Amino acid sequence: MSRPTAIFFGFGPWKAYVPRWFPDRDCRVVSRKMWLMLLQGWPLRLLLYRNVEVCVWGFKYPPFLKRFCRRFGIPFFHVEDGFVRSVSLGAHKAPPASLIIDSRTMHYDAQTPSDLEHTLQSYDFAADKALMERAEKCIRMLLDLRVSKYNLGKRVDLDSVLGPKTKRRVLVVGQVETDAAIAFGCDRPVTNNELVRLAASENPDAQIIYKPHPEVLHGTRAGVSNPADVANICAVLKEDIAPADALKGVDHVYTITSLMGFEALLRGIPVTCYGLPFYAGWGATDDRQSCERRKRPLSAREIFIASYLLHSRYFDPENGDAAQLEMVVLRLSSTCE
């Protein structure tokens with residue numbers, strides 16, 4: 001039987017990498033411009049293929065495309081950056097060293113259960129002792145080598161920026177407020193400044209530290225709220241400090257849906273989630289948004305197994321070949337040194 005043909009929509013910056021990421025498919029990347037896609041006859045042209053599937057980047061596709069594929073039984077997959085990505089930002093066109101591929105929806109969509117959520121609901125983690133042991137080693141490697149998602153922040157001792165620690169420290173993790181992770185991960189609107197005010201009101205005796213998102217600090221994405229408006233109630237980190245340093249010595253983390261909240265969990269730091277990221281709703285976090293679907297109590301290690309090991313694909317940052325998480329962590333760590 002011939003290899004399936006995979007048609008990719010919304011993959012603009014990553015067009016050249018697609019055949020490396022999907023070597024078992026005959027790959028074709030379609031223009032991100034909707035008018036050109038329609039002019040070229042998509043999605044009707046999908047019906048001309050015997051064995052075809054569709055891959056879309058995140059939610060960058062016209063809604064009718066998914067409905068069309070469902071109507072005609074065409075497999076449909078969402079693709080997005082993984083949790084250990086690169087030593088630069090996606091906005092700088094650095095290719096991701098990991099991907100998440102989901103047949104239902106993106107992992108950050110709290111409105112609909114994803115493949116990842118189904119695994120978190122049903123996988124027998126305790127019975128898979130080898131995977132539990134591997135996860136423990138991978139978590140220790142990530143923490144020891146200080147590897148995060150983007151890995152481009154400055155190495156800074158937080159005390160050198162804030163002065164000696166004299167009280168509890170609460171870190172508020174900023175995000176790009178127009179990002180899909182907030183739009184699909186929250187049941188009500190929220191800004192970074194509102195999250196800072198919430199943290200300050202709930203922790204009146206603590207030092208509140210606000211870390212704006214790296215893309216906002218690097219000027220590749222615009223923020224909605226101005227950090228200066230809350231500077232009277234928090235210390236604003238004006239440089240992109242590496243997550244490992246920003247989390248060191250912190251007693252509590254507040255986030256909307258940021259992955260950095262999960263990185264805090266892996267360090268044993270209590271985390272309050274305003275929205276519902278993939279790691280919330282399982283009893284590991286203080287949640288301000290409920291989810292009736294998520295009832296099973298899970299540990300941070302079990303959530304790590306599902307998200308970083310079972311639902312992520314990894315690629316060598318140097319040559320794009322398929323790889324394991326451990327090798328990617330070593331590669332990214334050596335690049336950062």
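Residues numbered from 1 in each chain as written. Predicted model: local features only at pLDDT ≥ 70, side-chain atom pairs only at ≥ 80, totals over all residues. Heavy atoms only, no water.

Would you explain helix α8 (residues 192–202) in this entry?
Working note: α-helix, 3.6 residues per turn, so residues spaced by three or four point in the same direction. Within α8, the full set of buried residues consists of Asn192, Asn193, Leu195, Val196, Ala199 and Ala200. Seen end-on, α8 carries its buried residues on one side only, within an arc spanning 160°. (Buried < 20%, exposed > 50% of the residue type's maximum accessible area, 1.4 Å probe, protein only. Helix = DSSP H or I, 4+ residues; strand = E, 2+ residues; numbered from the N terminus. Arc of directions from axis to C-beta.)

Can you help me understand helix α12 (residues 300–310) in this one?
With respect to burial, α12 is a largely interior element, nine of its eleven residues being buried. Those residues of α12 that sit buried are Ala300, Glu302, Ile303, Phe304, Ile305, Ala306, Ser307, Tyr308 and Leu309.

Please clarify how the pairing of strand β1 (residues 5–9) should be interpreted in this entry.
Put simply, side chains in a regular strand alternate between the two faces of the sheet. The buried count for β1 comes to five of five residues, which makes it a mostly enclosed element. The two faces of β1 match: Thr5, Ile7 and Phe9 on one face and Ala6 and Phe8 on the other face are all buried. Direction of pairing for β1 relative to strand β2 (residues 26–29): parallel, over a ladder of four bridges. In the sheet register, threonine 5 faces β2, and the bridge partner there is aspartate 26. The sheet contact formed by β1 and strand β3 (residues 52–57) spans five bridges and is parallel. By the bridge assignment, isoleucine 7 is partnered in β3 with valine 54. (Pairing = 2+ DSSP bridges.)

How do you make sense of the pattern of salt bridges when you look at a structure like this?
For side chains bearing opposite charge, pairing can occur when the charged atoms are close. Counted by the stated rule, this structure contains 20 salt bridges. Taking the shortest distance from any N to any O, the salt bridge between arginine 294 and glutamate 117 comes out at 3.0 Å. Of this pair, arginine 294 sits in the loop between β11 (286–287) and α12 while glutamate 117 is found in helix α4 (residues 115–122), placing the two residues 177 residues apart along the sequence. Residue arginine 294 is classed as buried on the basis of its relative accessible area of 6%. Its salt-bridge partner being aspartate 286, residue arginine 288 comes within 2.8 Å of it at the nearest N-O pair. Arginine 288 sits in the partly exposed class, given a relative accessible area of 31%. (Salt bridge = Lys/Arg side-chain N within 4 Å of Asp/Glu carboxyl O.)

Where do I start with the sheet that holds β11 in this structure?
Think of a sheet as strands paired side by side through backbone hydrogen bonds, with each pair either parallel or antiparallel. One open sheet holds the six strands; their spatial order is β8-β7-β6-β9-β10-β11, and the pairing between them is parallel. Across the chains shown, the open sheet's two edge strands, defined by having one partner strand only, are β8 (235–236) and β11. When strand β6 (residues 169–173) meets strand β9 (residues 252–255), the two strands line up parallel, connected through three bridges. Paired with valine 172 across the strands is tyrosine 254, a residue of β9. Running over the sheet, helix α11 (residues 259–266) touches β6, β7 (207–211), β9 and β10 (271–273) and is turned about 155° from β10. (Contact = heavy atoms within 4.5 Å. Axes fitted to C-alpha atoms, helices over the stretch in contact; angles between N-to-C directions.)

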